[in-house]
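Coordinate analysis (summary)
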Amino acid sequence: MEETIEIATPKRTKEIIQRHGFSFKKSLGQNFLIDQNILNKIVNAADLDESKGALEIGPGIGALTERLARVAGPVTAVEIDQRLIPILGEVMQPYSNVRVHHGDVLKLDLAELFNTDFASVDKVSVVANLPYYVTTPIMMKLLEEKLPVDSIVVMIQKEVAERMAAAPGSKDYGSLSIAVQYYSMPELVCIVPPTVFIPQPNVESAVIKLKVREQPPVEIPDEAHYFEVVQASFAQRRKTISNNLKARFFTKENREQADILLEQAGIQPSRRGETLSLQEYATLSTVMWEAGVRAAL
C-alpha cells in the first residue's frame, strides 16, 4: 500500500516534489528531512501515545507528520506555504487523526486552536522541524502564551539549541537561555548533520527537548520587569552588570544606587551578566522592584 512507504527517504521526497512541481523557497527556510533515524529520535523524544496530541509547525510534505499520525492521538499541522496544502492533503489521506491548517503560527490564536483541535486530550506536545529564521519568535510564543503544552521537541539550528541549554558562565549563556529555562527544562537530544535534508542547510542542526515547567523555578514580583533586568544585563556583554543596568534603569542623578542595590542582592557590581544564575536575577529584580526602580524612558 502507498501509505506504508515512508516519505522521509531521498527517493520518495524527490518523487513527491517532482510530481507536484514543487520548488523550494529560501525565504521560508524550507529543508525537508530525508532520514528515518533522525525522525525516530524526534518522535521518541516526544514520548507520544494515543492519549496525547501533537502540534507540528512547518510540516513540509509530511515526513514527520506521517510518523506523528501513527503514534499520537490528534495531530494538527500548521503550514504557512499554500503550495504544500494539497500535497499534505494527499499524503495524509490515510490518517483520519490529522488536521492541516494553512497559516502563520506567529499570527494564529493558539489558545483557540488548542481548544478546538485538542479538546479530546489532556497532554499536547509540539513536535517540529522549525524554519531556522523564525525559531526564536515561535519558541517564545509557545512558552510565553502558557499553553497546555507538555513538551516541545524541535529541530533547530545547533547554535541556537546550545544557547537555549547553556549554563551560567558559558559563552553561549544569554537572555535566550534564561527565558527558555524560566519556562522549561531544556535537554539536547542529538546533533544533526546537513546531509539529512533536501536541500542541505549551511549549518549543523540539533534536536532539543523542552519539558515545560508547571511553575517557574524562581519567585519574582513581576515577570515583565524580571525579563527587562535580564535583557539590560546582556545589552553589551563586555560591560559589567553595573554599567549595563545604569544605562537602562538609572539617570546621572541616581547612578550610584545601582551598585547599592546589586550589593543588597549579594551580587558584585563588577560581575558580567552571563555569570548570574536565574535565581540571582530573581533576587536582583526583586530588590530593584521593591526599591521602585523601573526602566528609564
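Predicted model only: the values in this text are computed from it and were never measured. (Residues numbered from 1 in each chain as written. Predicted model: local features only at pLDDT ≥ 70, side-chain atom pairs only at ≥ 80, totals over all residues. Heavy atoms only, no water.)

**Digging into the UniProt feature "binding site: S-adenosyl-L-methionine" (unreviewed entry) in the chain**
Let me state the cut-off plainly: UniProt positions are given in the numbering used here, feature names are shortened, and annotations may be inferred rather than shown by experiment. Helix and strand definitions here come from DSSP, where helices need a minimum of 4 consecutive H or I residues and strands a minimum of 2 consecutive E residues; each element is numbered from the N-terminal end. Contacts described as polar in this section are N or O atom pairs within 3.5 Å, which, within protein, must combine one atom able to donate a hydrogen with one able to accept it, while residues neighboring in sequence count only if both atoms come from side chains. When a residue's accessible area, from a 1.4 Å probe over protein chains only, is under 20% of the maximum for its type it is buried; when over 50% it is exposed; and in between it is partly exposed. In what follows, a contact means two residues having at least one pair of non-hydrogen atoms within 4.5 Å.
UniProt annotation of "binding site: S-adenosyl-L-methionine" (unreviewed entry) refers to Asn31, Leu33, Gly58, Glu79, Asp104 and Asn129 when read in the numbering used here. Positionally, Glu79 belongs in strand 3 (residues 75-79). At 3.1 Å, the side chain of Glu79 and the backbone nitrogen of Gly60 are in polar contact. Structurally, Asn129 can be placed in strand 5 (residues 123-129). We classify Asn129 as buried; its relative accessible area is 15%. Sequence-distant contacts of Asn129, that is, excluding residues within four places in its chain, are made with Asn31, Leu33, Ile57, Gly58, Leu64, Met155 and Phe197.

**Thoughts on the packing of aromatic side chains**
Stated formally: The aromatic pairing rule takes the rings of Phe, Tyr and Trp, using the six-membered ring of Trp, and pairs them if the centres are within 6.5 Å, calling planes under 30 degrees apart stacked, those over 60 edge-to-face and the rest tilted.
All told, the structure shown has 11 aromatic pairs when counted by the stated rule. Taking 6.3 Å as the distance between ring centres and 70° as the angle between the ring planes, the aromatic pair formed by Tyr173 and Phe234 counts as edge-to-face. In this pair, Tyr173 is assigned in the loop between helix 7 (158-165) and helix 8 (175-183) and Phe234 in the loop between helix 9 (223-233) and helix 10 (241-249), connecting sequence segments 61 residues apart. Through pairs of rings, three or more aromatic residues link up here, namely Tyr182, Tyr183, Tyr226 and Phe227.

**Re the domain arrangement of the chain**
Note the cut-off: Segmentation into domains, and thus their bounds, comes from an automatic or database assignment. Buried area adds together the accessible area that both of two parts lose upon being put together, with accessible area traced by a 1.4 Å probe. Every case where a carboxyl oxygen of Asp or Glu lies within 4 Å of a side-chain nitrogen of Lys or Arg is listed as a salt bridge. All residues other than Ala, Val, Leu, Ile, Met, Phe, Trp, Tyr, Cys, Pro, Asp, Glu, Lys and Arg, Gly among them, are scored as polar; the first ten of these are nonpolar and the last four charged.
The domain architecture assigned to the chain consists of domain 1 (10-212) and domain 2 (223-291). Between the C-alpha centres of domain 1 and domain 2 there is a distance of 35 Å. Taken together, the 13 residues of domain 1 in the interface contact 14 residues of domain 2. Each partner contributes to the roughly 1000 Å² buried at the junction of domain 1 and domain 2, and carbon and sulfur atoms together form 64% of this total. Broken down residue by residue, the surface that domain 1 buries against domain 2 is led by Tyr173, Ile178 and Tyr182, which jointly contribute 49%. The salt bridge partner of Lys146 is Glu223, with a shortest N-O separation of 3.1 Å. Residues that form the side of domain 1 that touches domain 2 fall into these classes: six nonpolar, five polar and two charged.

**Side note on unusual backbone geometry**
In this chain, Ile198 is followed by Pro199 through a cis amide linkage whose omega measures -15°. On the secondary structure map, Pro199 appears in the loop between strand 8 (197-198) and strand 9 (205-212). Despite not being glycine, Asp47 shows a phi value in the positive range, around 55°. Structurally, the position occupied by Asp47 is in the loop between helix 2 (36-46) and strand 2 (52-57). Using a relative accessible area of 48% as the deciding quantity, one classes Asp47 as partly exposed.

**Considerations on the pairing of strand 9**
In plain terms, the rule: We treat two strands as partners when DSSP finds at least two bridges between them.
Where burial is concerned, most of strand 9 is hidden: seven out of the eight residues are buried. Direction of pairing for strand 6 (residues 149-157) relative to strand 9: antiparallel, over a ladder of seven bridges. Residue pairing for strand 9: Gln157 is matched across the bridge by Ser205. Strand direction decides the pairing type here: strand 7 (residues 184-192) and strand 9, joined by eight bridges, are antiparallel. Within strand 9, the position partnered with Met185 by the bridge is Lys211.

**Brief notes about the UniProt feature "domain: Ribosomal RNA adenine methylase transferase N-terminal" (unreviewed entry) in the chain**
Sites flagged by UniProt as "domain: Ribosomal RNA adenine methylase transferase N-terminal" (unreviewed entry) map to residues 38-214. Annotated as residues 38-214, this span is 34% helix and 29% strand, and its ends, taken at the C-alpha atoms, are 29 Å apart.

**Some details on the environment of Glu204**
Inspection of the secondary structure assignment puts Glu204 in the loop between strand 8 and strand 9. Taking the C-alpha atoms as reference points, Glu204 and Pro193, 11 residues apart in sequence, are found 5.3 Å from one another.

**With respect to the side chain of Ser205**
Its location among the elements puts Ser205 in strand 9. A polar side-chain atom of Ser205 sits 2.5 Å from a polar atom in the side chain of Tyr132. Those residues in contact with Ser205 that lie beyond four places of it in its chain are Tyr132, Met155, Ile156, Gln157, Lys158, Cys190, Ile191, Val192 and Phe197.

**Here we look at helix 11 (residues 256-264)**
Just so we agree on the cut-off: Think of the arc as the fan of directions from the helix axis to the C-beta atoms.
The set of residues buried in helix 11 consists of Ala258, Leu261 and Leu262. The arc enclosing the buried residues of helix 11, seen along the axis, measures out at 105°, which places them on a common side. The exposed residues of helix 11 that point more than 90 degrees off its buried face are Glu256, Ile260 and Gln264. Remark: Gly266 follows helix 11 within two positions and exhibits a positive phi of approximately 80°.

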